[in-house]
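The lines below spell out each chain.
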Amino acid sequence: QVQLQESGPGLVKPSQTLSLTCTVSGGSITTSYYAWSWIRQPPGKGLEWMGEIAYDGSTYYSPSLKSRTSISRDTSKNQFCLQLRYVTPGDEAVYYCARGVTITTVRTYFGSWGQGTQVTVCS
């Protein structure tokens, strides 16, 4: 039932900040006990979890991206956002937002995904 849709620029210049928004319908981002994640897939590579914001507003980030990544939310709009600073060509990827359910403290099932949005880094 829940639907997610990514939106934002498809092209960003190196050293700039990438900003993406995930709009959620069919469910509230404040509902216990879901977490809302950003996941990306560079060309020819596997999926990479970037970070998440939980139903209570708590945020968690991949150690490799923590220094450049911020995730926030607007509960009135039922949206959550990604900011990735100091973008490089290595950040070119398809970016997905997804809803996760925690199975254990180290395992999460992502059952609902957005369609993904292609982000190209080009000067």
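The structure under discussion appears in the preceding block.
Residues numbered from 1 in each chain as written. Predicted model: local features only at pLDDT ≥ 70, side-chain atom pairs only at ≥ 80, totals over all residues. Heavy atoms only, no water.

(A) Representation of the sheet that holds strand 1 (residues 3-7) within the structure. The antiparallel open sheet is built from four strands, whose spatial order is 1-3-8-7. The open sheet has two edge strands, strand 1 and strand 7 (69-74), and neither has a second partner. The mean angle between the axes of side-by-side strands here comes to 20°, regardless of whether they run parallel or antiparallel. In terms of strand pairing, strand 1 meets strand 3 (residues 18-25) through five bridges, oriented antiparallel. Counted as the bridge partner of Gln-5 is Thr-23 from strand 3. (Pairing = 2+ DSSP bridges. Helix = DSSP H or I, 4+ residues; strand = E, 2+ residues; numbered from the N terminus. Axes fitted to C-alpha atoms, helices over the stretch in contact; angles between N-to-C directions.)

(B) Looking closely at the pairing of strand 4 (residues 34-41). Strand 4 sits mainly inside the fold: six of its eight residues count as buried. Here strand 4 pairs with strand 9 (residues 93-104) via eight bridges, running antiparallel. Bridging across to strand 9, Trp-38 finds its partner in Cys-97. Hairpin connection between strand 4 and strand 5 (residues 48-54): a loop of six residues separates the two successive antiparallel strands, and Gly-44 in this loop has a positive phi of roughly 75°. (Buried < 20%, exposed > 50% of the residue type's maximum accessible area, 1.4 Å probe, protein only.)

(C) Representation of the side chain of Glu-52 within the structure. Take Glu-52: it is sitting in strand 5. For Glu-52, which is buried and forms no salt bridge, the nearest opposite charge comes from Arg-73, at a distance of 11 Å. Only 3.4 Å separates the side chain of Glu-52 from the side chain of Ser-37, close enough to count as a polar contact. Apart from the residues lying within four places of it in its own chain, the contact partners of Glu-52 are Ala-35, Trp-36, Ser-37, Ser-58, Thr-59, Tyr-60 and Ile-71. (Lys, Arg positive; Asp, Glu negative; His and termini not counted. Salt bridge = Lys/Arg side-chain N within 4 Å of Asp/Glu carboxyl O. Polar contact = N/O pair within 3.5 Å; in protein donor to acceptor, adjacent residues only side chain to side chain. Contact = heavy atoms within 4.5 Å.)

(D) Layout of the state of the cysteines. Under the definition given, this model contains one disulfide. The disulfide partner of Cys-22 is Cys-97, and the S-S distance across this bridge is 2.1 Å. Note on the Cys-22 and Cys-97 pair: the S-S dihedral is about 70°, so by sign convention the disulfide is right-handed. Taken together, the residues Cys-22 in strand 3 and Cys-97 in strand 9 connect sequence positions 75 residues apart. Across the pair, Cys-97 and Cys-22 agree in class, each one buried. Cysteine Cys-81 remains unbridged, with the sulfur of Cys-22 as its closest cysteine sulfur at 8.9 Å. (Disulfide = S-S within 2.5 Å.)

Interpretation note: all reported values are geometric properties and have no functional meaning in isolation.
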